[in-house]
Amino acid sequence: MNRTWWKEAVIYQIYPRSFMDSNGDGIGDIKGITSRLDYLKYLGVDVLWLSPIYQSPNDDNGYDISDYQAIMEEFGTMADFDEMLSEAHKRGLRVVMDLVVNHTSDEHRWFMESRKSTENEYRDYYIWREGKDAKTPPNNWGSCFGGSAWQYDEQTAMYYLHLFSRKQPDLNWDNPKVRKEVFDMMTWWCDKGIDGFRMDVISMISKTKDMPDGPITDFYGDYSPYCVHGPNIHKYLQEMNEKVLSRYDIMTVGETPGVTTELAKQYAGEDTHELNMVFQFEHVDNHGKYGKWDAQKWQLTKLKQILNRWQVDLYGKAWNSLFWDNHDQPRAVSRFGDDRPRYRELSAKMLATCLHMMQGSPYIYQGEELGMTNYPFQSPEEFHDIESINAYQEWCLSGEVSHEDFWPCITARSRDNARTPVQWDDSAQAGFTTGTPWIAVNPNYKEINAKAETEDPDSVFHYYKKLIALRKANPIMVYGKYEPLMEDSEELFVYTRTLDDVKLLTVCNFTDRRISFSIPEEFVGKSCLIANMENDYSKKELTLRPYEAFVLI
């Protein structure tokens, strides 16, 4: 297995709008990020992944880009970015940009030209189709954000495809001019000195020429068979690698909805010349009767089955990315742990132990290192996220389901849970801004904040800091082979890692109950590498307390 810097890195995701506001307008910005670089260096992370900071009308919080080579005015200037990049590099921190090239904003120059006429030189930069008739879209596909995936445009009496918001038209990657535009833009950023790309929904850039109706799910047809892992996806990524990625010492991770372990070996194989790693979403896609809007927690055996398969199948063949949450997911401790005050810190540390001891590159989403929790929403008017707003309208306001039934589901899964401001201290607005924040601060910031946790050696923050330091000192945490144990247990997540003649055991109690556990013979008397509470781990027979986690080596 090749050893590289990005395999050994711990990545920290910054959602700039909610990270730190430097000028009091209530919106996080680039100068705010710069002001907190010392905090990130102290935590010990290696790479900062920034959610989009490009010029955007903000229909989808920056994932609708109108200019790839300009900075969103609310976030600052290109000079601010250059300063932030320089200051990060001075501290040994690398910076990875979010690459959003499945679609642009409908306010991007290319699209504004494209819609002018069927003869325009930019027409073929996007995917246009005739309707089935004057009032019917080309097919039954639904958008990820609700409604049809097609938008009628009166100027040329045709429809354009948007797999997300109607203000996010999909690019036509079959057009070589589009690919060249994207590769030139990526080269421009690499020459500026950035350290890599996280690629938004990159598995969706290649579509089939034939666009038939899809099988009905919820309200519309499913586009997945025709738009996910499409016919030319690997050809286009290999071209990207050849023209751009291979020319720089950078890190790449592809967001690949619908990926399997077999496909991951193609996208991120050691010798396929595409990407370094991919994000898979199986472990966060527990769908219920309202699709993704489901308040139920995973059955532990099912969660383990998924994560174990990714660990075992990719070993030595492709690289794993490890995460519990991000800007599109609810808070990890509320979803996979237990955010009740009695158990929040313990379960946050347990989840961190479980993830960081696995094989792959760990991702920490801002505030995760503090054990930040979901927001206590009281009404639909509090939502800012387009996906949550549209889902509430489509499910509830249509009369499909009652507010009482749907409310626990949407509040548990809304993306806004992850987007509340980082809780820096116990002052007004959690120290995020001196103004009115663009989205409300979680009211528990008095108890959960960075100032208190950096000063408390037993905090969730310091537990993450210790895990990161251990990873740098113990190659087994990076490169060791993974083997699952106790796969049928509904309470305990247990596995070993092996590298040469070194072996470690990770044990995590995912319940709020006391659980008996017998330490395997080969680990009896071994030293404890890390644990989230005190116990005598030299004994063979243990009673694990709620959310207890430990590692023996």
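Up top is the structure.
Quick look at the structure, then. Please read these numbers as outputs of a predicted model, since none were measured by experiment.

### Section: helix α13 (residues 386–397)
Move 1: The terminal C-alpha atoms of α13 lie 15 Å apart, and with twelve residues this matches the ideal 16 Å at 1.5 Å per residue to within 8%.
Move 2: Looking at the packing, one finds that the buried side of α13 touches α14 (403–413).
Move 3: Positive phi appears at Gly399, one or two residues downstream of α13, with a value of about 85°.

### Re the sheet that holds strand β5 (residues 94–99)
Move 1: Spatial strand order, β1-β2-β5-β9-β12-β13-β14-β15: eight strands in a closed barrel with parallel pairing. In this sheet, adjacent strand axes meet at a mean angle of 25° when their direction is disregarded.
Move 2: Of the pairings in the sheet, the one linking strand β1 (residues 11–14) to strand β2 (residues 47–50) comprises four bridges and is parallel in character. When the sheet's bridge partners are listed, Tyr12 is paired in β2 with Leu48.

### Here's the deal with the packing of aromatic side chains
Move 1: Summed over the entire model, instances satisfying the criterion amount to 45 aromatic pairs.
Move 2: Ring centres of Trp293 and Phe406 lie 6.4 Å apart, and the angle between their planes is 65°; this geometry places the pair in the edge-to-face category. Of the two residues, Trp293 sits in the loop between β13 (277–279) and α10 (300–314) while Phe406 sits in helix α14, which places them 113 residues apart along the sequence. For the pair formed by Trp293 and Phe406, the shared burial category is buried.
Move 3: One aromatic cluster is present, formed by Tyr54, Tyr68, Phe81, Trp110, Tyr122, Tyr125, Trp188 and Trp189 through successive ring pairs.
Move 4: Cation over ring: Arg123 sits above Trp128, and NZ or CZ is 3.7 Å from the ring centre.
Move 5: Sitting over the face of the ring of Tyr42, Lys465 holds its NZ or CZ atom 4.1 Å from the ring centroid.

### Description of the environment of Glu8
Move 1: Counting through the fold element by element, Glu8 comes out in helix α1 (residues 5–8).
Move 2: In this view, Glu8 contacts Arg3, Asp46, Arg471, Val478 and Tyr479; residues no more than four positions away in its chain are not counted.
Move 3: Side-chain polar atoms of Glu8 contact the side chain of Tyr479, separated by 2.7 Å.

Criteria and thresholds
- Residues numbered from 1 in each chain as written.
- Predicted model: local features only at pLDDT ≥ 70, side-chain atom pairs only at ≥ 80, totals over all residues.
- Heavy atoms only, no water.
- Helix = DSSP H or I, 4+ residues; strand = E, 2+ residues; numbered from the N terminus.
- Expected span 1.5 Å × (residues − 1).
- Contact = heavy atoms within 4.5 Å.
- Pairing = 2+ DSSP bridges.
- Axes fitted to C-alpha atoms, helices over the stretch in contact; angles between N-to-C directions.
- Phe/Tyr/Trp six-rings, centres within 6.5 Å; stacked < 30°, edge-to-face > 60°.
- Buried < 20%, exposed > 50% of the residue type's maximum accessible area, 1.4 Å probe, protein only.
- Lys NZ or Arg CZ within 6 Å of the ring centre and 35° of its normal.
- Polar contact = N/O pair within 3.5 Å; in protein donor to acceptor, adjacent residues only side chain to side chain.

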